[in-house]
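# Inside the fold
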Number of protein chains: 2
Amino acid sequence: MSTPPTSTTRPRLTIDDVAREAGVSKATVSRVLNGRGALMSPELAARVREAIDRLGYAPSPMAQALKRGRSRLIGLVVADVANPFSVAVLQGAEKACREAGYMLMLFNLGGDEAREREAIAALASYQVEGFILHTLGRDRQVLHDALERGKPIVLVDRALDAPLDLVGLDNAQAVPLALDHLLQQGWNDLLFVTEPMQGASSREERHAAFNAFVQTHAGQCRGRTAECAVHDDAALDQALRALRAEAGTRRPAVLAVNAPVGLRVAAAARRLGLTLGLELGLVSFDETDWAPLVGPGITTLAQPTDEIGRQAARCLVERLEGQPGEPRRFRLPARLVVRGSSQPG
Amino acid sequence: MSTPPTSTTRPRLTIDDVAREAGVSKATVSRVLNGRGALMSPELAARVREAIDRLGYAPSPMAQALKRGRSRLIGLVVADVANPFSVAVLQGAEKACREAGYMLMLFNLGGDEAREREAIAALASYQVEGFILHTLGRDRQVLHDALERGKPIVLVDRALDAPLDLVGLDNAQAVPLALDHLLQQGWNDLLFVTEPMQGASSREERHAAFNAFVQTHAGQCRGRTAECAVHDDAALDQALRALRAEAGTRRPAVLAVNAPVGLRVAAAARRLGLTLGLELGLVSFDETDWAPLVGPGITTLAQPTDEIGRQAARCLVERLEGQPGEPRRFRLPARLVVRGSSQPG
DNA sequence: CTGTTAGCGCATTCAG
DNA sequence: CTGAATGCGCTAACAG
């Protein structure tokens, strides 16, 4: 109703417009905008504020960024938005960033880790102030550069040997949680199924914790690992078949390294005619909407994904605001959600 | 290895640095950068290009944006990243944008449509050049403003009465595809389950198509609709119970408006002890990873999500590059993926 | 063909 | 306490 839908592109409202409207100088407007309004006559400040409201003025983040070298932008690089874990983290991070007054720029690797360098470069060129990285960090040089340019980095889920802040799951707590449960339920021939490690520390940590557990419980169970590439269903079938064949009187169960793998294991079990919870036990990392409904329900290790995202964002924002100190590592606990896939009967 | 990890924040590399390095003026560098290098002596251009490479210089999009009023940024507002459809579209759009040289700024409503205005305002203030909106568009004023400022908008999935570009599913094709199949399989007591419409045109279109189908097939089937709020499982149970109770000799089946609803229906069926594909038919919009594994497998109407996202991005980019003309509507076809939930036996 | 100049919108000195 | 002037990094007229 206010303005008719002219097709003339209305030029951007600038600080000059406000200054003119309020009958003051740009500097004064700028001061009001930046909270230094307390240092001037209250009436003037009020007049300026009014003009701002009347015009509906908002400063251009671009210009601000250019001037002060701070863009209030955070770059988020995600390994694969198709992965529910990534999405959940993204969700928490986006919210926390926004609450802290930052906007998120997203770059999705789509599973192609080779594009990581491109991602960081693109984001950096947009002057993001810092990075949240859910990715492999293969390209050390890029990280190095970013750091050198004073751009803090927070890693999510996957550690690097670099001295960086990290927030992720407490895998050393999570794995025994799952395996103790499996053992208690009588599953004693354990198979850890993972995608190729490729330097993903979370996978490696889970694997290590798995091996450690198996070793300390050598009397009660046996444990092996199967590494199956993303589309190699044949390999997975083969691994499960072998597990069954060599089980003897033992009862075979799988620990899946993440949700996509958990789903693939469920699919493989179906293909091979193995009933989950009966002929094959299964616990999978990552709680999902569908976990209760696949087969007899999949028992999961629920990650506090939202909290991980928020924590990552908080940590980064603290760094951006000058928090110094050694790299910090936040390890959040997993929660076991028991369902039919790990309970015979 | 190259540079030691100094903690001195190295200042940003500017066009002046390159100019100095190459012994030319900024303008010359700028020309090379903007493809106008053909108009000058080849050696000079080469020298500049070399300096650029040597220094690893990349222009600041911020400064460019400020200067030319074009940010090469596209704003994407998503209703809820927890919805697989949203994610899939996001994926396609992000890719297409990047290929066209744009970056995506993401704003997730997290199901809170009230924040839409905030989203658009925030994005607009960052000088995004256009919007891809997967949301309700309740706040007409905001859209109006955006358009007036010359920022094109492409709607995804949900139309508005406003004259805007739209890309979404061909619901008029999709619904009969599903219902014909259900009828053929002998399901003749049809229930359309949806979340509250709330002005979401895709839901309304699906509902309308459902009603139209039922009317033209009045002799062969009966059809009703249940509207169940997101967390109101009781209402859903009630609707399914009623469907069963009043079915008589008819065979009851559900058409779920989207993947989350489909999943909820599957959960409800389990709670009520109804076997999918036997006592209850089910077809759900949206193909997902888990559809094959829930119950006997859920029959789905697969949306070409990636293509929807790409198309939206393409359409927007065309507008940004000056393509004039009437609002365009792209309606992409769905594909029926038949599984156990719709096939007795 | 190339260099000089003037802003884009803003925050921040520095004078007054 | 306030205004005028300067420059962030870049592009696009202008000159030469």
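Scope of this entry: the structure provided in the associated data block. Fair warning: this is a prediction, and the values are worked out from it, not measured in the lab. (Residues numbered from 1 in each chain as written. Chains lettered and ligands numbered in written order. Predicted model: local features only at pLDDT ≥ 70, side-chain atom pairs only at ≥ 80, totals over all residues. Heavy atoms only, no water.)

### Topic: the protein's contact with DNA strand D
Going by this rule: Proximity criterion: a residue is near a molecule or strand once any of its heavy atoms comes within 4 Å of it. We call two N or O atoms a polar contact when they sit within 3.5 Å, provided that within protein one can donate a hydrogen and the other can accept it, with sequence-adjacent residues counted only if both atoms are side-chain atoms. Helix and strand definitions here come from DSSP, where helices need a minimum of 4 consecutive H or I residues and strands a minimum of 2 consecutive E residues; each element is numbered from the N-terminal end.
Near DNA strand D you find 25 residues, and of these Thr-28, Met-40 and Lys-67 of chain A together with Ile-15 and Tyr-57 of chain B are the closest. Contact between DNA strand D and Ser-25 of chain A: a phosphate oxygen at 3.3 Å from a main-chain N or O atom of the residue. Within the contact set of DNA strand D, a base oxygen lies 3.4 Å away from a side-chain nitrogen or oxygen of Lys-67 of chain B. The element best represented in the surface near DNA strand D is helix α2 (residues 26–33) of chain B, accounting for four residues.

### Some points on the sheet that holds strand β7 (residues 222–227) of chain B
Residues and elements named next belong to chain B. As a reminder of what qualifies: Strand pairing is defined by DSSP finding a minimum of two bridges between the two strands. All axes here are fitted lines through C-alpha atoms, helices being fitted over the stretch that makes contact, and every angle between N-to-C directions spans 0 to 180 degrees. For this analysis, residues touch if any pair of their heavy atoms sits within 4.5 Å.
With mixed pairing, the six strands of this open sheet are ordered in space as β7-β6-β8-β9-β10-β12. Edge strands, defined here as strands with exactly one partner in the open sheet, are β7 and β12 (335–337). Averaged over all pairs of adjacent strands, the angle between strand axes in this sheet comes to 20°, irrespective of strand direction. The pairing of strand β10 (residues 299–302) with β12 spans three bridges and is classified as antiparallel. Paired with Thr-300 across the two strands is Val-337, which belongs to β12. Strands β6 (189–194), β8 (252–256) and β9 (281–285) of the sheet are contacted by helix α11 (residues 259–272), whose axis makes an angle of about 160° with β9.

### Some thoughts on empty space enclosed by the protein
Residues and elements named next belong to chain B. The following threshold applies: Only protein atoms enter the 1 Å grid used here. Points where a 1.4 Å probe fits but cannot escape make up a cavity, open sets with protein on both sides within 12 Å along at least five of seven lines make up a pocket, and a residue lines them when an atom lies within 4 Å of a point. Grid points are joined across faces, edges and corners, and a volume is the space filled by probe spheres set on the points.
Within the structure shown, the criterion is met by three cavities of 30 Å³ or more. Of the pockets and cavities examined, the largest cavity occupies roughly 120 Å³. Looking at the largest cavity, the residues that line it are Asn-83, Phe-85, His-134, Asp-157, Arg-158, Ser-202, Arg-203, Arg-206, Val-257, Asn-258, Asp-286 and Gln-303. Element by element, the count of residues in the lining of the largest cavity is highest for helix α9 (residues 201–216), at three residues.

### As for the nonpolar core
The condition is simple: Here, nonpolar core refers to any group of buried Ala, Val, Leu, Ile, Met, Phe, Trp, Tyr and Cys residues whose side-chain atoms link them within 4.5 Å. Throughout this description, buried means an accessible area under 20% of the type-specific maximum (1.4 Å probe, protein chains only), exposed means over 50%, and partly exposed covers the range between.
The biggest cluster of nonpolar side chains holds 99 residues, and the ones touching the most others in it are Val-254 and Leu-255 of chain A together with Leu-240, Val-254 and Leu-255 of chain B. Here Val-254 of chain B is in contact with Leu-182, Leu-191, Val-193, Leu-240, Leu-243, Val-265, Leu-280, Gly-281, Leu-282 and Val-283 of chain B, once residues within four sequence places are set aside.

### Regarding the packing of helix α2 (residues 26–33) of chain A against helix α3 (residues 42–55) of chain A
All names here are of chain A. This is how the line gets drawn: Angular relationships are summarised with four words: roughly parallel below 35 degrees, roughly antiparallel beyond 145, roughly perpendicular across 65 to 115, and oblique for the angles in between.
Taken N-terminus to C-terminus, the directions of α2 and α3 make an angle of 85°; their axes are 10 Å apart at the nearest point. Overall, the two elements α2 and α3 adopt an arrangement that is roughly perpendicular. Across from Thr-28, Val-29, Val-32 and Leu-33 in α2, the residues of α3 making contact are Leu-44, Ala-45, Val-48, Arg-49 and Ile-52.

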